[in-house]
Amino acid sequence: MTADQPERPEPTTRESWRVLLRSLRPQARPSHLLVGLLCMLLGFALVTQVRHTQSSGLSALRQSDLVQLLEETTDHSRELRGRVAELQRTRDELASGTNQQQAALEAATERASTLGVLSGRLPAVGPGVVLTLNDANRALAASAYVTVLTELRNAGAEAVQVDGRRVTAETFFLDGPDGVLVDGVLVGNPATWLVIGDSHTISQALEIPGGALALVRSQGATAGVRVADEVEITVTRTPRELRFASPVEAGS
Amino acid sequence: MIAVLGLVVGVVAGLLLEPTVPAGMQPYLPIAVIAALDALFGGLRARLDGIFDDKVFVVSFLSNVVLAALIVFLGDQLGVGTQLSTAVVVVLGIRIFSNAAAIRRHLFKA
């Protein structure tokens, strides 16, 4: 190596510059030509390498680097594919969740309206019968009213109204001094029953021999049944707050 | 003079000919260039020390280039080519810096 030479006395700056300038003078010794050739080779290789590095991206890399790069890219794309699948799953879940919620909401709304009619909370309209009990002598007992109501329910009546009072599961009939009380209020005369349900079945059920209307007539009152295409029950009542019973959770 | 002339001619030839690097030489050329640069700076320093010798320069130049390429080749065969070429570049870089520092001291006394 050129640096491993024996020590010489240190030359001054001026001498150094002179040496440098002297070496720039043309000298035509054969060994200098060899040095020049090597320098030419160096310049050539330098430029070649620089151009090569600038022009090529991946092709300048060695095989192991390329393999590593390929692996990284593959890993990355696999990761991204996983993410895509995950997000798609989440999206599907969300979409189906929305559908389920909507279906549940519709079912709940439908049930609420059904229960509202049955419990007397909502006004109702539909085909049915209008039953008129004319009891001028106040001869009818509360039990006759109960028999009529039971007969109506057996025949599938969905909503009942007696003389302006909505009849539900809580309704009671009572024998009073002046006549029958419905929920504690005296029934007028004639008493009008509005019934929504299968009008044919109901009218048949009321009129069967030995049935409800036969009992009413045997107690000295008259009864008239009129089938109507549209009976409108507008009276509602608010169900009592439950004090003792509480619903059992479904599925428990 | 002839050395500088040769360098300039080489650069111009490289620019004009636009050669492509053969695939087999691709990993070795950059290391060889660095090694040659090291030899060049070493020669310049020796020149200023007054101990420059053509023969020594030619031999050191060629042996530097061949040895650097050989080390990288060996590293490639052992599977540590990247690391070993980094090591060679670091060592040669340090040598270039120390040579350049010696040249600077000669010319500027600083």
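Scroll up to find the structure this text is about.
Attention here is on the structure that accompanies the text.

Each value, and the rule that gives it
Residues numbered from 1 in each chain as written. Chains lettered and ligands numbered in written order. Predicted model: local features only at pLDDT ≥ 70, side-chain atom pairs only at ≥ 80, totals over all residues. Heavy atoms only, no water. Salt bridge = Lys/Arg side-chain N within 4 Å of Asp/Glu carboxyl O. Helix = DSSP H or I, 4+ residues; strand = E, 2+ residues; numbered from the N terminus. Buried < 20%, exposed > 50% of the residue type's maximum accessible area, 1.4 Å probe, protein only. Expected span 1.5 Å × (residues − 1). Arc of directions from axis to C-beta. Polar contact = N/O pair within 3.5 Å; in protein donor to acceptor, adjacent residues only side chain to side chain.

### Remarks on the pattern of salt bridges
One side chain can pair with another of opposite charge once the charged atoms of both are near each other.
All names here are of chain A.
(1) Moving on: Applying the stated criterion across every chain yields a total of seven salt bridges over all chains.
(2) Moving on: A salt bridge links Asp75 to Arg78, with the nearest nitrogen and oxygen atoms 3.2 Å apart. On the criterion of helical spacing, the pair formed by Asp75 and Arg78 is a turn pair, its members being three residues apart in helix α3 (residues 63-118).
(3) Moving on: Judged by relative accessible area, which is 48%, Arg78 ranks as partly exposed.
(4) Moving on: In this structure, the salt-bridge partner of Arg237 is Asp183, at a minimum N-O distance of 2.7 Å. One end of the pair, Arg237, is in the segment after β8 (222-233); the other, Asp183, is in the loop between β5 (180-182) and β6 (185-186), with 54 residues separating them in the sequence.
(5) Moving on: Sharing partners across several salt bridges, the network here consists of Glu170, Asp183 and Arg237.

### Re helix α1 (residues 2-17) of chain B
Residues and elements named next belong to chain B.
(1) Moving on: Here α1 spans 22 Å end to end across 16 residues, near enough to the 22 Å set by a 1.5 Å rise per residue.
(2) Moving on: Of all the positions in α1, only Ile2, Gly6, Gly10 and Gly14 are classed as buried. Angular distribution of buried residues about the axis of α1 spans 110°; they occupy a single face of the element.
(3) Moving on: Of the residues trailing α1, Glu18 is marked for its positive phi of about 45°.

### Describing the environment of Arg166 of chain A
Residues and elements named next belong to chain A.
(1) Moving on: The residue Arg166 is located in strand β3 (residues 165-167) in this model.
(2) Moving on: Note: C-alpha distance between Arg166 and Val235 (69 residues apart in sequence) is 5.9 Å.
(3) Moving on: Polar side-chain contacts of Arg166 include one of 2.9 Å to the backbone oxygen of Val117.
(4) Moving on: A distance of 2.8 Å separates the side chain of Arg166 from the backbone oxygen of Val235, its partner in a polar contact.

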